[in-house]
Amino acid sequence: MKKEHLNISQVSMAFPTPTGSFLALDKVSLIIEEGEFVSLIGHSGCGKSTVLNVVAGLHQATEGGVVLDGKEVNEPGPDRAVVFQNHSLLPWLTAYQNVELAVKQVFGKTKSHSEMKDWIEHNLELVHMEHAMHKRPDEISGGMKQRVGIARALAMQPKVLLMDEPFGALDALTRAHMQESLMEIQNELNNTVIMITHDVDEAVLLSDRIVMMTNGPAATIGEILKVELERPRNRVQLADDTEYNRYRQRVLSFLYERQHVPVEKETPRLSVAGAEAA
Ligand SMILES: Nc1ncnc2c1ncn2[C@@H]1O[C@H](COP(=O)(O)OP(=O)(O)O)[C@@H](O)[C@H]1O
Ligand SMILES: [Mg+2]
């Protein structure tokens, strides 16, 4: 038995909206082991990002809470690095400088200047960006920007890497490359990862467990699938592997038979400027 690492316990989340309180999550509970790769999958708007944001400390759960290595999470911290779908790099800084900013924040007091330089370069090498580290975001492709975002997150040496549809905006081939890199990195560093995806193949290929969420309101975990395919995993070989297809089938049937595809609709939100509420 590995030790409990991250405990998401009875997390409920109600958002105030112009038409009253909206219960997005209802008692979401999940215990994650160190080094585990967990994907969250579910239809758009079911509450995946909300779960991730609670773990990141960006949202405070209305009920329940999150404990990481025995410590309650109630604000963002470098032990939980987040990678969003849209890289969020600073456009006026090079790839190197973007990673440097995070590294200085975490290791500014403990690493020397040259140790930090080695560490930044090492992390950019991990994501195969060594050739373009001195380029700015507008000089590199979307996939490369995501790589830098991942390098920046890894360089913080987080206990947990949180990824919200990290490859969602990339074309299929780039996406496949990124999945390979992520598997390599995880194999090497054994990070704990929670990744949101809506891609069934991506979830099966990468995960130790796939957490399937029911539709909202009051979304919760509907089913958890343990993926026991051997690693390293090879997408080409798995394509006609019976086990692989059984897992895939299981997730598809949850999403398309047990949960109906919701009609796209936005809950009205209270925004600071009041501009979004419509
Ligand atoms: N700040 C907010 N205010 C009001 N409703 C919100 C807010 N954030 C998210 N929601 C609602 O909560 C539900 C879950 O959202 P989200 O976690 O973003 O879903 P997902 O990431 O699965 O697409 C949606 O119905 C969304 O409209
Ligand atoms: Mg989302």
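The structure presented is a predicted model; accordingly, all values stated were derived computationally and were not measured.

Here we take up the pairing of strand 8 (residues 192-196). Among the 5 residues that make up strand 8, 5 are buried, leaving the element largely enclosed by the rest of the structure. Side chains of strand 8 alternate between two faces, with T192, I194 and I196 and V193 and M195 buried alike. Bridge count for strand 3 (residues 37-41) against strand 8 is 4 bridges, and the pairing is parallel. Its bridge partner being in strand 8, L40 is matched across the sheet by I196. As paired strands, strand 7 (residues 160-164) and strand 8 are joined by 5 bridges and run parallel to one another. Residue pairing across strands places M163 opposite M195, the latter belonging to strand 8.

Note that soluble globular proteins tend to have their nonpolar side chains buried in a common cluster. Ranked by internal contacts, the top residues of the largest apolar core, which has 54 residues, are L124 and I210. Ignoring anything within four residues of it in the chain, the contact list for L124 reads A95, Y96, V99, M129, E130, M133 and A151. Grouped together as the second largest cluster of nonpolar side chains are 28 residues, I8, A61, V160 and V211 included.

A few words on the side chain of N7. Counting through the fold element by element, N7 comes out in strand 1 (residues 4-17). Of the polar contacts made by the side chain of N7, one reaches the side chain of E4; its length is 3.3 Å. Here N7 is in contact with L30, I31, G65, V66 and V67, once residues within four sequence places are set aside.

Relative to each other, helix 2 (residues 95-107) and helix 3 (residues 113-126) sit at 125°, their axes nearing to 10 Å. Between helix 2 and helix 3, the angle falls in the class oblique. Relative to helix 3, the crossing made by helix 2 is right-handed. Contacts from A95, Y96, V99, E100, V103, K104 and F107 in helix 2 reach M116, K117, W119, I120, E121 and L124 in helix 3.

So, about unusual backbone geometry. For the bond from G216 to P217, the omega torsion is -10°, close enough to zero to count as cis. Mapped onto the secondary structure, P217 falls in the loop between strand 9 (209-213) and strand 10 (221-226). Note that the residue after R231, namely P232, is joined by a cis bond; omega there is -5°. Checked against the element boundaries, P232 lands in the loop between strand 10 and helix 7 (235-238). Here the phi dihedral of N190 falls at roughly 55°; this positive angle occurs in a residue that is not glycine. You can see N190 is positioned in the loop between helix 5 (172-189) and strand 8.

Moving on to the layout of surface pockets. Of the voids in this model, the second largest pocket is the one considered here, and its volume is about 330 Å³. Taken together, 19 residues form the lining of the second largest pocket, with R80, A81, V82, R152 and M156 sitting closest to its centre. Going through the elements one at a time, strand 6 (80-83), helix 2 and helix 4 (142-155) are the ones with two or more residues in the lining of the second largest pocket. Among the residues making up the lining of the second largest pocket, the classes are represented as 12 nonpolar, 5 polar and 2 charged.

The rules behind each value
Residues numbered from 1 in each chain as written. Chains lettered and ligands numbered in written order. Predicted model: local features only at pLDDT ≥ 70, side-chain atom pairs only at ≥ 80, totals over all residues. Heavy atoms only, no water. Buried < 20%, exposed > 50% of the residue type's maximum accessible area, 1.4 Å probe, protein only. Helix = DSSP H or I, 4+ residues; strand = E, 2+ residues; numbered from the N terminus. Pairing = 2+ DSSP bridges. Core = buried A, V, L, I, M, F, W, Y, C linked by side-chain atoms within 4.5 Å. Contact = heavy atoms within 4.5 Å. Polar contact = N/O pair within 3.5 Å; in protein donor to acceptor, adjacent residues only side chain to side chain. Axes fitted to C-alpha atoms, helices over the stretch in contact; angles between N-to-C directions. Parallel < 35°, antiparallel > 145°, perpendicular 65-115°, else oblique. Left-handed = near helix turned anticlockwise from the far one by under 90°. 1 Å grid on protein atoms, 1.4 Å probe; cavity = no way out; pocket = protein on both sides within 12 Å on 5 of 7 lines; lining within 4 Å. Points joined across faces, edges and corners; volume = space filled by probe spheres on them. Nonpolar A, V, L, I, M, F, W, Y, C, P; charged D, E, K, R; others polar.

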